[in-house]
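The residues making up each chain are set out below.
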Amino acid sequence: MNKNKVFLRQAQADDISAIEQLLNLCYRENKGWTNEANLVGGIRITQNELATILADSKHYFFVYPKSTTGTRIGQETGELLGAIAVKITEDIHDKRHAYIGMFAVHPDLQGQGVGNVILQAAETFATRHLSDQNKPSRLTMSILNHRPELLAYYERRGYQLTGYSEPFPEDDNNGEPKRQDLRLLQLEKLVY
């Protein structure tokens, strides 16, 4: 995979439909190795939820648009090949950290290094926004338990389990769990 061919830009309102299609494809359909289809049914996200996220000044949502030549020089086709979100938050001790989520790579491109490039770009962006020369930047994310291959991928990227987990939310906003023991595991990476 030629890393120069992955061009990310900040998502715009015009991207909402394509983001919805990509996230629901990558998370809920049984395609690619990163899907959750055997663990969670229903939709992953709605256009209304995406509009709220894009309007939130703490959220930065990046997309990798497909173009006619495969590079940023070509004309965008309207289809998205990847996406990732970074939310800058503060904890109860006024310490800022970045939560990385809604990370998706089109199933046709999985295993070709595209995800590594997208994740690295999001980490670099987050680290620059959190930069404090006296402290490391804290990056967090959540993954479903019962996904050892996904956990191994993030561990290879420097993330570690924090020991914190919570039940998968059953609020009809995140899909329908297919297992009673479904939990979200928190991962953390400190970047100096």
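Residue positions are given per chain, counting from 1 as you read along its sequence in written order. Two thresholds apply to this predicted model, a pLDDT of at least 70 for residue-level local features and 80 or more for giving and counting side-chain atom pairs, whereas whole-chain, interface and lining totals are computed over all residues. The side-chain quantities take in all heavy atoms of the structure and omit both hydrogens and water.

Q: Residue-level account of the sheet that holds strand β7 (residues 160-167), with values.
A: By this definition, two strands are paired if DSSP reports at least two bridges between them. A run of DSSP states H or I qualifies as a helix once it reaches four residues; a run of E qualifies as a strand once it reaches two. Both are numbered from the N-terminal end. With mixed pairing, the 7 strands of this open sheet are ordered in space as β1-β3-β4-β5-β6-β9-β7. The sheet is open, and its two borders are formed by β1 (9-10) and β7, each paired with just one other strand. Sheet topology places β1 next to strand β3 (residues 59-67); 2 bridges connect them, and they run antiparallel. Bridging across to β3, Arg9 finds its partner in Val63. In what follows, residue pairs with any heavy atoms lying within 4.5 Å of each other are defined as contacts. Simply put, an axis is a line fit to the C-alpha atoms, just over the touching stretch for a helix, and the angle between two N-to-C directions goes from 0 to 180 degrees. Along the sheet face, helix α1 (residues 16-28) touches β3, β4 (76-90) and β5 (96-105) and points at about 80 degrees away from the line of β5. Against the sheet, helix α4 (residues 148-156) touches β5, β6 (137-144), β7 and β9 (183-191), its axis set at about 170 degrees to β6.

Q: Describe α4, listing the residues and the values that go with them.
A: For every residue, the accessible area obtained with a 1.4 Å probe (protein chains only) is divided by the maximum for its type, and the residue is called buried under 20%, exposed over 50%, and partly exposed between those limits. Inspection of α4 places Leu150, Leu151, Tyr153 and Tyr154 among the buried residues, and these make up the whole buried set. Projection of α4 onto a plane perpendicular to its axis shows the buried side chains occupying an angular sector of 155 degrees, all on one side. Turned more than 90 degrees from where α4 packs its buried face, Pro148 and Arg156 sit exposed. In this structure, the buried side of α4 is in contact with β5, α3 (114-130), β6, β7 and β9. Looking one or two residues beyond α4, the residue adopting positive phi is Gly158, at roughly 100 degrees. Regarding the arc, it is the one traced by the directions from the helix axis to the C-beta atoms.

Q: Describe the side chain of Arg157, naming the residues involved and giving the relevant values.
A: The residue Arg157 is located in the loop between α4 and β7 in this model. Ignoring sequence-local partners within four residues, the contact set of Arg157 consists of Asn116, Leu119, Gln120, Glu123 and Lys189.

Q: Go over the pairing of β9 with me, naming the residues and quoting the values.
A: Looking at chain direction, β6 and β9 are connected through 8 bridges and run antiparallel. Paired with Leu144 across the two strands is Leu184, which belongs to β9. Bridge count for β7 against β9 is 5 bridges, and the pairing is antiparallel. Bridge pairing links Leu161 to Leu187 in β9.

Q: Go over the nonpolar core with me, naming the residues and quoting the values.
A: By size, the foremost hydrophobic cluster in this structure holds 30 residues, and its most contacted members are Val86, Leu119 and Tyr154. Those elements that provide at least two residues to this core are β3, β4, β5, α3, β6, α4 and β9. The element contributing the most residues to this core is α3, with 8 residues. If we skip the residues at most four places from it in the chain, Val86 touches Lys58, His59, Tyr60, Phe62, Ala98, Tyr99, Ile100, Ala122, Phe125 and Ala126. Only buried Ala, Val, Leu, Ile, Met, Phe, Trp, Tyr and Cys residues count toward a nonpolar core, and they belong to the same one when joined by side-chain atoms within 4.5 Å. Core analysis: the second largest hydrophobic core is formed by 18 residues, Ile16, Leu22, Leu23 and Leu80 among them.

Honestly, that's just the spatial picture; any functional story needs more than this.
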